[in-house]
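# Overview (structure and organization)
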Amino acid sequence: MSLTYSFVSFSFQVEGSISLREPVTAGLFSLSAGIIPVLLGVLLVRAVRGWEQPRRRILSALVVGVLVANFYDLAKETAGLSGSTLRGVVDVLNVSFFAVALLGFYFAHQSLNGGGNLWLAYLWALLGVGLHGMGEGIVIGYDFATGFTILSLPQALSFTLHKIAEGASIGVLVYAVRVGLTQSVTVSLVAGLPVAVGTLLGLFGLPGGTSTFFFASSAGATVYGMTTLFTSDRNGVRRYAVWILVGFLYMYFAGVIHQFE
């Protein structure tokens, strides 16, 4: 179910005049891959904004399942977190970044509480989806630089499905807010731009292993985001365990797709 590396182990080699080692090409490629699916997810939720409360809770429950799957994947790809090890500086830094992101998200959310769910959506887009995307981008850029990256339809589909789900997680937070197309695009830019930034950093020599710090930070932010959604709507989401499972399985099978070449 690996999300974080699903985009960088494709099976069709890019050849011809287009070179993914070229910064402009790589930046535009990863920018579109990071933003467009997220925007689709935001707009998908926006399209059903008129749903009554029970269906809204189903949406929230689905997203909780998505975030559970995301956290599992992030922890798995982060040294020390999934195995509860403390073997060196990297493990210490990962636990530290995890804690800082979780508490930072909490304090930022509390300080901006008057801004409502729109501010929460921007915080989640930056700290949850964005930091995850930064880590992905670093791995992508590093592999572009080394010539490891190859492309296939299943791999691209897997990545896109994951990003659409992340976009839906942003959309759920602003479900009750009248968010126009401009704000939908803006919040998607906040979430997707770090993929391109990370790609350029990796392309210019930042080691792929540094992505673990961004994955750890995103994992911490995901814990707070997941808790916030789970306790939303007067705790109504807790009644929808089946839909939480459906959200998890969506992410699971979206990850399974990337195994096919």
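Provided above is the structure to which this section pertains.
Notes on the structure in this doc start here.

Basis of the calculations
Residues numbered from 1 in each chain as written. Predicted model: local features only at pLDDT ≥ 70, side-chain atom pairs only at ≥ 80, totals over all residues. Heavy atoms only, no water. 1 Å grid on protein atoms, 1.4 Å probe; cavity = no way out; pocket = protein on both sides within 12 Å on 5 of 7 lines; lining within 4 Å. Points joined across faces, edges and corners; volume = space filled by probe spheres on them. Helix = DSSP H or I, 4+ residues; strand = E, 2+ residues; numbered from the N terminus. Nonpolar A, V, L, I, M, F, W, Y, C, P; charged D, E, K, R; others polar. Axes fitted to C-alpha atoms, helices over the stretch in contact; angles between N-to-C directions. Left-handed = near helix turned anticlockwise from the far one by under 90°. Contact = heavy atoms within 4.5 Å. Patch = residues over 30% accessible without salt bridge, like charges linked within 9 Å, V, L, I, M, F, W, Y side chains within 5 Å. Areas by Shrake-Rupley, 256 points an atom, 1.4 Å probe, with all protein chains shown as cover. Salt bridge = Lys/Arg side-chain N within 4 Å of Asp/Glu carboxyl O. Buried < 20%, exposed > 50% of the residue type's maximum accessible area, 1.4 Å probe, protein only.

A probe as big as a water molecule, rolled over the atoms, marks out the empty space that is left. The calculated volume of the largest pocket comes to roughly 290 Å³. Together, 14 residues line the largest pocket, and Leu 44, Leu 59, Leu 62, Ala 165 and Ala 168 are the ones closest to its centre. Of all elements in the fold, only helix 1 (23-47), helix 2 (53-76), helix 5 (153-173) and helix 9 (241-256) reach the threshold of two or more residues within the lining of the largest pocket. Of all the elements, helix 2 adds the most residues to the lining of the largest pocket, at four residues. Here the residues of the lining of the largest pocket are counted per class, giving 13 nonpolar, one polar and no charged.

Right, let's talk about empty space enclosed by the protein for a bit. Tallied over the entire structure, the rule returns two cavities of 30 Å³ or more. Size it by volume and the second largest cavity reaches roughly 60 Å³. Leu 67, Phe 105, Leu 120, Trp 124, Ser 169, Leu 173, Tyr 224, Gly 225, Thr 228 and Leu 229 are the residues that line the second largest cavity. The set of elements that each furnish at least two residues to the lining of the second largest cavity consists of helix 4 (116-146), helix 5 and helix 7 (211-230). The greatest single-element share of the lining of the second largest cavity, amounting to four residues, is contributed by helix 7. The class makeup of the residues in the lining of the second largest cavity is seven nonpolar, three polar and no charged.

Glancing now at the packing of helix 3 (residues 89-111) against helix 7. Here helix 3 crosses helix 7 at 40°, and the two axes come no closer than 7 Å. The element helix 3 and its partner helix 7 pack so that their crossing is right-handed. Contacts from Val 90, Leu 93, Asn 94, Phe 97, Phe 98, Ala 101, Leu 102, Phe 105, Tyr 106, His 109 and Gln 110 of helix 3 reach helix 7 at Thr 212, Phe 213, Ala 216, Ser 217, Ala 219, Gly 220, Ala 221, Val 223, Tyr 224, Gly 225 and Thr 228. Taken together, the residues of the contact of helix 3 with helix 7 sort by class into 14 nonpolar, eight polar and no charged.

We now examine a nonpolar patch on the surface. Nonpolar side chains collect at one region of the surface, where Leu 245, Leu 249, Tyr 252 and Phe 253 lie side by side and expose about 370 Å² of accessible area between them. Relative to the helices and strands, Phe 253 resides in helix 9. Residue Phe 253 is classed as partly exposed on the basis of its relative accessible area, which comes to 48%.

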